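Breakdown of the fold
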Amino acid sequence: MIDNKMINSISLKELQEKYPFIINYFSDNKLNIEGFENRTFKEYLDHFSEEDIEEWAIDTEKLMEGLLEYIEQMIEFLGIKEEKAVESLTILAGKDKSGCKERFEEITINKGDIISIVGPTGSGKSRLLADIEWAAQNDTPTGRIILINNEIPDKKWRFSSNNRLVAQLSQNMNFVMDLTVNEFLELHAKSRMVENEEEVIKNIIEAANNLAGEKFKLDTPITSLSGGQSRALMIADTAILSSSPIVLIDEIENAGIDRKKALNLLVSSDKIVLMATHDPILALMGNKRIVIKNGGINKVIETNMEEKKILLELEKMDKTIQGMRNSLRNGEELNMNIFK
Ligand SMILES: Nc1ncnc2c1ncn2[C@@H]1O[C@H](COP(=O)(O)OP(=O)(O)OP(=O)(O)O)[C@@H](O)[C@H]1O
């Protein structure tokens, strides 16, 4: 949302790109901002000398407030819908399966965070993801409440299919449509109204092939992609094309894709990532992990330095195992040198 803090944190050039109509405000007030494009509005106003201020009767405070007011009025007048970016997701405690209150008050997850969710089979990991997907308001079996940017989220998140709060990546990607990868991505790009369609599609394919073991092409039918390939395609598509600020992942361990690269891709596009997992590598890749027990969030653990070191060792082991898998696949015989 627009406020004085935001106006003062970006350059006049950026402000003008966002709100092109502000040129009129400058000309109406006889403000020549030439040469100050890379400075903020406040820096521009501060450049006036005492004499200028007196001679031209400049009221810098009024001009500052006036700009904010002008932008707000124009936004309303033009009917521009400003989407407030999702900065944080908050979970307010509900109840576990025995009806006892969860052992925390609230948990806040910020943009760019990776959170893993661990706990025994059947403990309620998927339930937590479902609560987030539904933006629960004490209307699911857990009684949890989900806040976005510390507020009760707009109902539109629940019901609009184009404007989803959450992108869900689940184990089974069953494609039923008879489309090639290119046709599928084209459809999606069109529905998102991207301008540089071809380039975006190229980027998605490149990113997806970078995650999957076996490469596929634009004219590959999506129904003939392997499990790992279709997972990789959906992850790249979600990272690059989806507007959903929150990504929920239920078990990607067996998908045959480069999990580290996949997470990096999602996180670098500024999304909040939550993943339910039984895999120690994925669990430790999160900055934090939520431990679920008997349907309730039992504790939240921050991944410490020692665990990050353990993660490095686990990744080495994982590489060894992948190497063995490839050798076996290629019909080779294994030998002890693999451990040296
Ligand atoms: N707090 C709760 N209150 C009532 N029911 C719950 C609660 N949490 C989870 N459940 C229910 O318990 C069942 C198992 O939960 P869920 O499928 O989320 O487990 P999971 O941890 O994802 O298991 P898995 O590791 O096997 O995927 C579901 O039917 C879910 O709705």
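Residues numbered from 1 in each chain as written. Predicted model: local features only at pLDDT ≥ 70, side-chain atom pairs only at ≥ 80, totals over all residues.

This part covers the nonpolar core. Counting 59 residues, the largest nonpolar core has Ile132, Ala208, Leu211, Ile235, Ala236, Ile246 and Val273 as its most contacted members. Examining the composition of this core, we find that seven residues originate from one element, helix α11 (residues 227–240), more than from any other. Contacts of Ile132, omitting those with residues within four sequence positions, involve Leu89, Ile146, Val166, Ile246, Leu248 and Leu274. Leu15, Phe41, Leu67 and Ile71 belong to the second-largest nonpolar core, a separate cluster that totals five residues. (Core = buried A, V, L, I, M, F, W, Y, C linked by C-beta atoms within 7 Å. Buried ≥ 20, exposed ≤ 12 C-beta atoms within 10 Å, placed from the backbone. Helix = DSSP H or I, 4+ residues; strand = E, 2+ residues; numbered from the N terminus. Contact = placed C-beta atoms within 7 Å.)

Time to look at helix α10 (residues 197–211). Taking 1.5 Å per residue as the helical rise, α10 with its 15 residues ought to reach 21 Å, and the 21 Å between its terminal C-alpha atoms agrees with that figure. Of the residues making up α10, those classed as buried are Ile201, Ile204, Ile205, Ala207, Ala208 and Leu211. Taken around the axis of α10, the buried residues stretch over an arc of 165 degrees, which confines them to a single face. Opposite the packed face of α10, turned more than 90 degrees from it, sit the exposed residues Glu198, Glu199 and Glu206. Buried-residue contacts for α10 involve α9 (181–191), α11 and α12 (259–268). (Expected span 1.5 Å × (residues − 1). Arc of directions from axis to C-beta.)

The mixed open sheet is built from six strands, whose spatial order is β5-β6-β7-β3-β8-β9. Sheet topology places β5 (166–169) and β9 (296–302) at the edges, where each strand pairs with a single neighbour. Along the sheet, successive strands turn relative to each other by an average axial angle of 20 degrees, direction set aside. Two elements, strand β3 (residues 114–118) and strand β8 (residues 288–293), share four bridges in a ladder whose sense is parallel. Bridge pairing links Ile117 to Ile290 in β8. Packed onto the sheet, helix α7 (residues 125–133) meets β3, β5, β6 (246–250), β7 (272–276) and β8 and runs at close to 155 degrees relative to β6. Sheet contacts for α12: β3, β6 and β7; angle to β7, the most-contacted strand, approximately 145 degrees. (Pairing = 2+ DSSP bridges. Axes fitted to C-alpha atoms, helices over the stretch in contact; angles between N-to-C directions.)

Attention now moves to the domain arrangement of the chain. As a measure of interface size, the accessible area lost when the parts come together is often cited. As assigned here, the chain comprises domain 1 (4–78) and domain 2 (88–303). One C-alpha centre belongs to domain 1, the other to domain 2; they are set 41 Å apart. (Domains from an automatic or database assignment.)

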